[in-house]
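Here are the chains, one letter per residue:
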Amino acid sequence: MALYSEKVMDHFRNPRNVGVIEDANGIGEVGNAKCGDIMKMYLKIEDDIIKDVKFETFGCGSAIASSSMATELIKGKPVADAMKLTNEAVAEALDGLPDYKMHCSVLAEEAIKNALDDYHKRTGQ
Ligand code: FES
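All of these numbers come straight from a predicted model, not from anything done at the bench.

S.K.: Before we go on, may I ask you to explain the pattern of salt bridges in this structure?
M.R.: Think of it this way: side chains of opposite charge can pair up when their charged atoms draw near. On inspection of all chains with the given rule, the structure shows seven salt bridges. K7 is the salt-bridge partner of D95, the closest N and O atoms lying 3.9 Å from each other. With D95 in the loop between helix 4 (87-93) and helix 5 (102-122) and K7 in helix 1 (residues 6-13), the pair connects residues that are 88 residues apart, well separated along the chain. One salt bridge connects K75 with D52, and the closest N-O pair in it is separated by 3.9 Å. With K75 in the loop between helix 2 (61-74) and helix 3 (79-83) and D52 in strand 3 (residues 49-58), this residue pair connects regions lying 23 residues apart in the sequence. For K75, a relative accessible area of 33% corresponds to the partly exposed category.

This is the structure in structure tokens:
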């Protein structure tokens, strides 16, 4: 069996929503001290809806695929739904990740949660 699913390879080769949102109102950055990978998420939230989301990831292929899939899962969704996104849901949407790569999906969950925290701080919630 291939180590990585087709979906992981697809999102690694053609990551969705890569880049920066200049007027983002929620930004989150996380890193994993062990592997040294870094992920930054930008959210543009209007009327409690994630209107736009972009990411920059300096990391492994699974981290890139996880960030790409995570952005697809929350784009256009209410903030409350994005808050509930788990790394397991990201990995599942990618048709699985090898066990030792699960922490890459954790980075995506944490980056989104940090960006949502930042949004809540900025809006005094
Ligand atoms: Fe650390 Fe993938 S190896 S995020």
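S.K.: Help me understand the environment of I38 in this model?
M.R.: Examined against the element boundaries, I38 turns out to sit in strand 2 (residues 38-46). Sequence separation of I38 and A63 is 25 residues, and the distance between their C-alpha atoms is 8.8 Å. Residues within four places of I38 in sequence aside, it is in contact with E29, V30, G31, E56, T57 and F58.

S.K.: Help me out: how do you make sense of the environment of V90 in this one?
M.R.: Among the secondary structure elements, V90 is positioned in helix 4. For V90 and M102, which are 12 residues apart along the polypeptide, the C-alpha to C-alpha distance reads 9.7 Å. Beyond its immediate stretch of four places on either side in the chain, V90 contacts S66, M69, A70, L73, L85 and S105.

S.K.: Where do I start with the environment of D52 in this structure?
M.R.: On the basis of relative accessible area, D52 is assigned to the partly exposed category, the value being 23%. Ignoring sequence-local partners within four residues, the contact set of D52 consists of I21, Y42, L43, K44 and K75.

Parameters at a glance
- Residues numbered from 1 in each chain as written.
- Predicted model: local features only at pLDDT ≥ 70, side-chain atom pairs only at ≥ 80, totals over all residues.
- Heavy atoms only, no water.
- Salt bridge = Lys/Arg side-chain N within 4 Å of Asp/Glu carboxyl O.
- Helix = DSSP H or I, 4+ residues; strand = E, 2+ residues; numbered from the N terminus.
- Buried < 20%, exposed > 50% of the residue type's maximum accessible area, 1.4 Å probe, protein only.
- Contact = heavy atoms within 4.5 Å.

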